[in-house]
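# Chains, contacts and geometry: an overview
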Amino acid sequence: MKISLNWLRDFVEIPADTDPQQLAKLFTIHTAEVEGVESQGEAMNKIVVGQIQEIHPHPDADKLRVTKTSIGKETVQIVCGGSNLSEGMYVAVALPGSQVRWHGQGDLITLQETKIRGVESFGMICAGEEIGVDQPTGDPAIEGPNPILDLSALKPTPGTPLAQILGKDDTILTVDNKSLTHRPDLWGHYGIAREVAAITNKHFKAHKSEVTFPTTGTTPDVQVKEKKLCPRYMGVLIENIRIQPSPDWVKKRLHSAGYRSINNIVDATNYVMAEFGQPLHAFDSKKVNTGVIVRTAKKDEKITTLDGVERTLNKDTLVIADHEKPLAIAGIMGGANSEVDDQTTSILIEAANFQPSSIRKTSVKIGLRTEAVQRFEKSLDPHLAEQALHRVCEIILQVSPGATIAGPVTDVRNFKTKVNTITLDIKKLCSKIGKEIAPEEIARLLHTIQFGAEIKGKKIKVTVPTFRPLKDIEIEDDIVEEVARLHGYDNIEPKLPELPIKLPLENRERVQKHVLRRLMSLGLGFSEVYNYSFYSLKDIQKTLLPEELHEKIENFLSEDQTHLRVTLVTNMLKNVAHNLKNFDHFKIYEIGHTYQDLQEYFPIEEKKICGMIVKPKKEGTNVFYDAKGAVEAILGSLRIAGYEMRKGESLCTYAHPNKYSGYFLKKNGEELAKVFEVHPLVLKNFDLEKVSIGCFEINFTRLMQSADRSDMKYKPLPKFPGTTFDISVLVDTKTEVGTLQKAIATTDKQLIKTVELFDIYQGSNIPEGKKSLAFKVVIRADDRTLTEAEMKPVHEKIFASLKNLGGEIRA
C-alpha cells in the first residue's frame, strides 16, 4: 500500500525537514514494515519542460517528425512520432540519462543521445504514460495515436524541471500489506497518520465533516434482507451532478496512492477509500429501479461487472440489487448496468459494512480480488461507514460544482456497539515487558492511540476503540503488546530471564526414540522411511482392515489420503513395492503416529515402531525369526524386563494366522509388540507375492508408559563358571517353541540360567509333520563350581520334561 507523506500532513504535523527514511524506520519498529521510500522528484530526474519551436518531416520515415525544441538555455533537435505535435506546444522532454517506460510498458530504460533512422536525436518528447503523468486538467483533448503530454495550459518556462511544474514534491512510503492483515484501521492515510502521531508524539488532527444533510427531501429506499452479512448500509442521493475530469489536487493525491484517475465521481470514492480505508460505491440513481435490496443471489443469476466480465453467481453470493436485477457484487465490484457515465446527473452513494468471511469466500470463488476486498475481509469498523459517507459527500460537492444533496441519509443498522474493556494488571505488564513503567506513562501511551485508560490502584481499566476489532485487541496480552511497541523496543534493556540453574526435565520418550534410531539404523542395518499419516479406502481394503476403526478426513487433499492410519504397515507395504524395483533384500522401519477411532471425541493417538525384513520367497523361511530377533534386540536395548512371548491375541488382519506372536507384560498382560509374517492375501493385494516379509509392530507409547525404572535391580557378575550344553529335540510342527523353553527353564530354577533357541530345521531326514529344534542351555550355581555329578540329574530332568511334551531327543 502506498502512503503519501503530504497526505499524512493533513492529519498530523510532519516537519518539512523530516528524514523520510528515518520516519519509515520508526514506523517499521513500532507498527508495520515499510518496504520502500520513493521520492517522486527522483523519478523525474533530468526531465524538463520544452517548447517546440519548429517541426519538419523526417527524411526517412513517414510517421516520424524532426523538431527543434527549446529546453531553456539551448535548443535541441529531437525526433518524435507523437500525433498531436504543434509548434509553440509545451512538452515534457526526457534528456539523455533520464529513465522512461517505453509507451508506458515494460521496465524503465535509460535514454542516451542517439540517431533515429539516421537523424540525430537529443532525448525524447514524452507521452504522459511514459513518465507516469496524467494530462493536466484544462488542457485540450488529445486524440489520435501516440499522444504527447501537452503542458501548454500551465504556460511553464522551458528548462524548468518537470517535477517542479507538476508539484511532484511528495515522498511515497510503501507499506507491506501482509504486516497489516490484523489492522483494518491502517488501510488508509487517516489510520496511518494516527499511528505516526502516536510514535512521534505529535498531535493527531481528527477530521471534522463540514457537510450538513437536509432533514427533508428524497432519501434512498433500502431493504437489507441478509442482516448478518450486512451489519450496516448507508445511502444518500446527490443530484445535479456533472461528470468531468477531477481537479489536479485529486488526481495528484490518487496518483501518489497508486490509483488512476477516471472521473470526478469515481475519483471521489477512491479518494475516500485511500484516505479512510472504507470502500464506497457510486450508482447512477436513474439506473436503479425503485430502491436498493441487499440480498443473496438467485441460483445461476448473472451480472456483468465493471471489468466487462459476465459472472455467474451462486446462492451464497451477497449482492446489491434493485427490484429487477443485481447492481453489484457486495463489497467486491459494481455492475456495468448501474455504472456512472458521461450522461449521469444523479447518483446514489453507498457506504456499507459487510461480513468479512462472506466477502473473502465470494472473492475466492469468483476469482476476483479488488482493493475493496482487501479492506472488507479485514473486519472494518461499522462506524467508519458514516465517517466515510460524510467525507465523500464533502469532496463531491467540491469536484462537481452545483451538485446538491437530495435528502436525508438512509442508515440501516444491524449491529450493536459493544464496549470492549480489558483490565490491565500493571505489575504483570512490567514483568512481561521486562521494565518498570509508571502507570501514568502507560495511560499516556494508550491515550495516544485513542484507547481509554483509567488508573484504578494497581490496575488500569482500558477501553478499546471500535476501530480496533476483537480479532486484534481481545485479551490483556494484546494491551501489553501495544504498550511495549509504543514505549519502544529499543528502550527496553535486553536481559536474560532470572531462572534457577538446573537441568531441564528429561523427555524420556524422545531420548529413547533416538537410542532406538541408532540401534535400528546402525546396529541392525535397517533403513528408515517416512510416510504421511493418511491412506485411502482402497488401501484399507487391501490390508483387510475394517473401515469403522478409521477416522475419515472431511477436507482430504486427495483420494489417496482420505483416512487417518491405524497402522504403519499399510504405507510400508507400498514402500516395499517401490523398493523392490531396485533391491531384492532389504530391511526398513518407520517411527510414527497412528490414530484409532474409538467413537469418542478424539481418536486415540499412539506412537508406533514398525519394521519389515524383505527376502525372496525361496530364501524367506526365516523372516519371522529375523523380525523376532529385532524385537528382542529393541526390548533389550531399552532395558525392558518382565515380558513374555506367546501366540498373538489382538486382531491383526494383515498377519499370517499361523505365524503371529505377541510380546506381553507379565504383570498385567498388556501387549507391547507383535511379530508376524504378512498375510499371503495381503501380499497378493499389494503385488508382493514373490517375497516373504517378516514384520513387527511395537507400541512405543505403551512401552514407555510400562517401563518402570524404579524397580530395576542389578546383579553382580557371576563368580563361578557355568557350563553350556545344546539339546536337539524332534517335536510336532504344531508344538510351540515357548512351551518347550518354559519346560526346560522350570526344570531347575536355581541352576538353569538361560534357555535360547538357536536352530529350527525341517527337511531331509526329518519326518513329515515334525521339526527339529535346538536349544542352548546355560547351567550355573551362584556359590560354587558345579561338578559333573550335579549337572547330570539336571540333564536327565530336562530330557524327561521334553519327552513328556511328546519330544524325541536327537542329540
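You'll find the structure just up there.
Not measured: the values here are computed from a predicted model. (Residues numbered from 1 in each chain as written. Predicted model: local features only at pLDDT ≥ 70, side-chain atom pairs only at ≥ 80, totals over all residues. Heavy atoms only, no water.)

## As for the sheet that holds strand E1 (residues 2–4)
Read across the open sheet, the three strands follow the order E1-E12-E2; overall the sheet is antiparallel. Two strands close off the open sheet at either side, each with one partner strand: E1 and strand E2 (34–39). Sheet twist, expressed as the mean angle between neighbouring strand axes with direction ignored, is 25 degrees. Bridging between E1 and strand E12 (residues 171–175) involves three bridges; their strand directions are antiparallel. Across the sheet, the residue bridging to lysine 2 is threonine 174, located in E12. (Pairing = 2+ DSSP bridges. Helix = DSSP H or I, 4+ residues; strand = E, 2+ residues; numbered from the N terminus. Axes fitted to C-alpha atoms, helices over the stretch in contact; angles between N-to-C directions.)

## Some points on the pattern of salt bridges
Scanning all chains against the criterion turns up 43 salt bridges. The shortest N-O distance in the salt bridge between glutamate 301 and arginine 295 comes to 3.0 Å. Take glutamate 301 and arginine 295: they sit in the same class, and that class is buried. A salt bridge links arginine 375 to glutamate 371; the nearest nitrogen and oxygen atoms lie 2.7 Å apart. (Salt bridge = Lys/Arg side-chain N within 4 Å of Asp/Glu carboxyl O. Buried < 20%, exposed > 50% of the residue type's maximum accessible area, 1.4 Å probe, protein only.)

## Some points on the nonpolar core
One finds Tyr233 and Ile479 to be the most contacted residues of the largest nonpolar core, which totals 120 residues. Element by element, the count of residues in this core is highest for helix H11 (residues 382–399), at nine residues. In this structure, Val529, Tyr654, Phe676 and Leu688 belong to the second largest nonpolar core, which totals 28 residues. (Core = buried A, V, L, I, M, F, W, Y, C linked by side-chain atoms within 4.5 Å.)

## Quick word on the sheet that holds strand E27 (residues 459–464)
Pairing in this open sheet of three strands is antiparallel, and the strands run E25-E27-E26 from one edge to the other. Across the chains shown, the open sheet's two edge strands, defined by having one partner strand only, are strand E25 (420–425) and strand E26 (452–456). In this sheet, neighbouring strand axes are inclined to one another by 20 degrees on average, regardless of whether the strands run parallel or antiparallel. Both E25 and E27 contribute to a ladder of six bridges, which runs antiparallel. Its bridge partner lying in E27, asparagine 420 is registered against valine 464. In the packing of helix H12 (residues 426–433) onto the sheet, the strands contacted are E25 and E27, and the crossing angle to E25 comes to about 70 degrees. (Contact = heavy atoms within 4.5 Å.)

## Details of the packing of aromatic side chains
Pairs of aromatic rings are described using the distance from one ring centre to the other and the angle between the two planes. Summed over all chains, the structure comprises 12 aromatic pairs. Their ring planes at 70 degrees and their centres at 5.1 Å tell us that phenylalanine 354 and phenylalanine 376 sit as a pair that is edge-to-face. Within this pair, whereas phenylalanine 354 is found in the loop between strand E22 (347–353) and helix H9 (356–366), its partner phenylalanine 376 is found in helix H10 (residues 371–376), the two being separated by 22 residues in sequence. Across the pair, phenylalanine 376 and phenylalanine 354 agree in class, each one buried. Judged by centre distance (6.3 Å) and plane angle (85 degrees), the rings of tyrosine 660 and phenylalanine 676 are edge-to-face. With a gap of 16 residues between them, tyrosine 660 in strand E34 (residues 655–665) and phenylalanine 676 in strand E35 (residues 671–678) connect regions that are remote in the sequence. Here the two residues tyrosine 660 and phenylalanine 676 agree in accessibility, since each one is buried. Three or more aromatic residues link up through ring pairs in this structure, and these residues are Phe11, Tyr190, Phe204 and Phe276. Over the aromatic face of phenylalanine 467 sits the side chain of arginine 194, whose NZ or CZ is 3.7 Å from the ring centroid. (Phe/Tyr/Trp six-rings, centres within 6.5 Å; stacked < 30°, edge-to-face > 60°. Lys NZ or Arg CZ within 6 Å of the ring centre and 35° of its normal.)

## Points about the side chain of glutamate 606
Mapped onto the elements, glutamate 606 comes out in strand E32 (residues 604–616). According to the relative accessible area criterion, glutamate 606 is buried, its value standing at 14%. In terms of polar contacts, glutamate 606 uses its side chain to reach the side chain of asparagine 699, at 3.3 Å. Setting aside residues no more than four positions away along its own chain, glutamate 606 makes contact with Gly592, His593, Thr594, Asn699, Thr701 and Arg702. (Polar contact = N/O pair within 3.5 Å; in protein donor to acceptor, adjacent residues only side chain to side chain.)

## Re the state of the cysteines
Summed over all chains, the structure comprises zero disulfides. The thiol sulfur of cysteine 126 is not disulfide-bonded, and the nearest other cysteine sulfur, from cysteine 80, lies at 8.7 Å. In this structure cysteine 230 is a free cysteine whose sulfur lies 18 Å from that of cysteine 393, the closest cysteine sulfur available. Judged by its relative accessible area of 0%, cysteine 230 is buried. (Disulfide = S-S within 2.5 Å.)

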